[in-house]
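Each chain is listed here by its residues.
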Amino acid sequence: LARCLLKDSNPQQALRIAGRGLKKIRDEQLRVELNMVRIDALYEIPASRAEATRLYERFAEQYADQPLAAQARYMAALSALENEQYAKADQLADAFLRRNADSELTPDVLFISGESRLLLGQHAEAVTRYEQFLKVGKQHTNYQQATVRLALAWLMNEQPQKSIDLLASSADRLTDRS
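So, how was this worked out
Per chain, the residues get numbers from 1 upward, laid out in the order the sequence is written. In keeping with the model being predicted, local features are shown solely for residues with a pLDDT of at least 70 and side-chain atom pairs are shown and tallied solely at 80 or more, while totals for entire chains, interfaces and linings include all residues. The basis for every side-chain value is the complete set of non-hydrogen atoms in the structure, without hydrogens or water. Put simply, DSSP H or I for four residues or longer makes a helix, DSSP E for two residues or longer makes a strand, and each gets a number counted from the N terminus. Exposure classes here rest on a 1.4 Å probe applied to the protein chains alone. A residue is buried below 20% of its type maximum, exposed above 50%, and partly exposed in between. A contact between two residues is defined here by any heavy atoms of the two lying within 4.5 Å. Only the protein chains shown count as covering a residue, and every accessible area follows the Shrake-Rupley method with a 1.4 Å probe. Counting rule for charge: Lys and Arg are taken as positive, Asp and Glu as negative, and neither His nor the chain ends is counted. Each charge is placed at NZ for Lys, CZ for Arg, CG for Asp and CD for Glu. In this description, a line fitted to the C-alpha atoms serves as the axis of each element, helices being fitted only across the stretch in contact, and the angle between N-to-C directions of two axes falls anywhere from 0 to 180 degrees. An angle counts as roughly parallel when it lies under 35 degrees, as roughly antiparallel when it exceeds 145, as roughly perpendicular when it falls between 65 and 115, and as oblique in every other case. Working rule for handedness: look at the near helix, and if it is turned counterclockwise from the far one by less than a right angle, call the crossing left-handed; if clockwise, right-handed. Expected helix span is given by 1.5 Å per residue-to-residue step, counting one fewer step than there are residues.

A. A look at the overall build of the protein chain. What the protein chain contains, in helices and strands, is ten helices and zero strands. Tracing the protein chain from N to C terminus, the helices and strands come up as α-α-α-α-α-α-α-α-α-α. For the protein chain, the spread of C-alpha atoms along the principal axes amounts to about 60 × 30 × 25 Å. Looking at the 178 residues of the protein chain, the share that counts as buried comes to 47%. Considering only contacts in the protein chain between residues 6 or more positions apart, those separated by 24 or more positions represent 46%. Accessible surface computed for the protein chain: about 10000 Å², of which carbon and sulfur atoms make up 48%. Of the side chains in the protein chain, 24 bear a positive and 24 a negative charge, and the two mean positions are spaced by 6 Å.

B. Up close: unusual backbone geometry. Even without being glycine, S9 reaches a positive phi, approximately 60°. Taking relative accessible area as the criterion, S9 reaches 65% and is therefore assigned exposed. Although it is not a glycine, E84 adopts a positive phi angle of roughly 60°. Taking relative accessible area as the criterion, E84 reaches 59% and is therefore assigned exposed.

C. Region of the structure containing the side chain of E57. Tracing the sequence through the fold places E57 in helix α4 (residues 49–62). If sequence neighbours within four positions are ignored, E57 has contacts with A76, K88, Q91 and L92.

D. Broad picture of the environment of E82. Mapped onto the secondary structure, E82 falls in helix α5 (residues 68–82). Exposure remark for E82: the relative accessible area of 37% places this residue in the partly exposed category. On a C-alpha basis, the gap between E82 and P46 in space is 9.8 Å, while along the polypeptide they are 36 residues apart. With sequence-adjacent residues up to four places away left out, E82 is seen in contact with Y43 and R49.

E. The packing of helix α3 (residues 28–44) against α5, seen in detail. Two elements in contact, α3 and α5, have axes separated by 12 Å at closest approach and are oriented at 15°. Comparing their axes, α5 and α3 come out roughly parallel. For the element pair α3 and α5, the recorded crossing hand is left-handed. Residue-level contacts link V32, E33, M36 and Y43 of α3 to L68, Q71, A72, M75, L78, S79 and E82 of α5.

F. Fine view of helix α8 (residues 123–136). Here α8 contains 14 residues, and its C-alpha end-to-end distance of 20 Å stays within 8% of the 20 Å for a straight helix at 1.5 Å per residue. For α8, every residue scored as buried is listed here: H123, A126, V127, R129, Y130, F133 and L134. Contacts made by the buried residues of α8 are with α6 (86–100), α7 (106–119) and α9 (143–156).

Right, here's the structure in full:
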């Protein structure tokens, strides 16, 4: 029910239902899943996003061997990025990549890391992450954005010719006007 409420854009109610459920449910696997729903509900409440970052991180540590741990690591990095905690987002992205490199979420986390590094002014490191993303995320919705962000990172890393060459070679494929 709590997950349905979340999908129905009602995180406050989902949070209440998950909290009540955690007090009653004894089955450990259901408790793990409901705990993740509770953190997801907190994430959906903008004022609680910083708390959600901490809880996702703790969840991933506490339930490291659970299938949901990779999702929690990804969400921790994403919420840190959205909270403009760029160093924290990159740290969490690195932790994800060390532990979950084969995950289907790897392209998303590489993008988060690239964004974090670019916003931290670590342009050479951002180049590396965006290049890694472009190798594994060819079908990803952020592919075009990452191409432009890579060009920006090269430009800010004082490599304007690489930036120009990338944009020139990609111009016919860059259809996203944002």
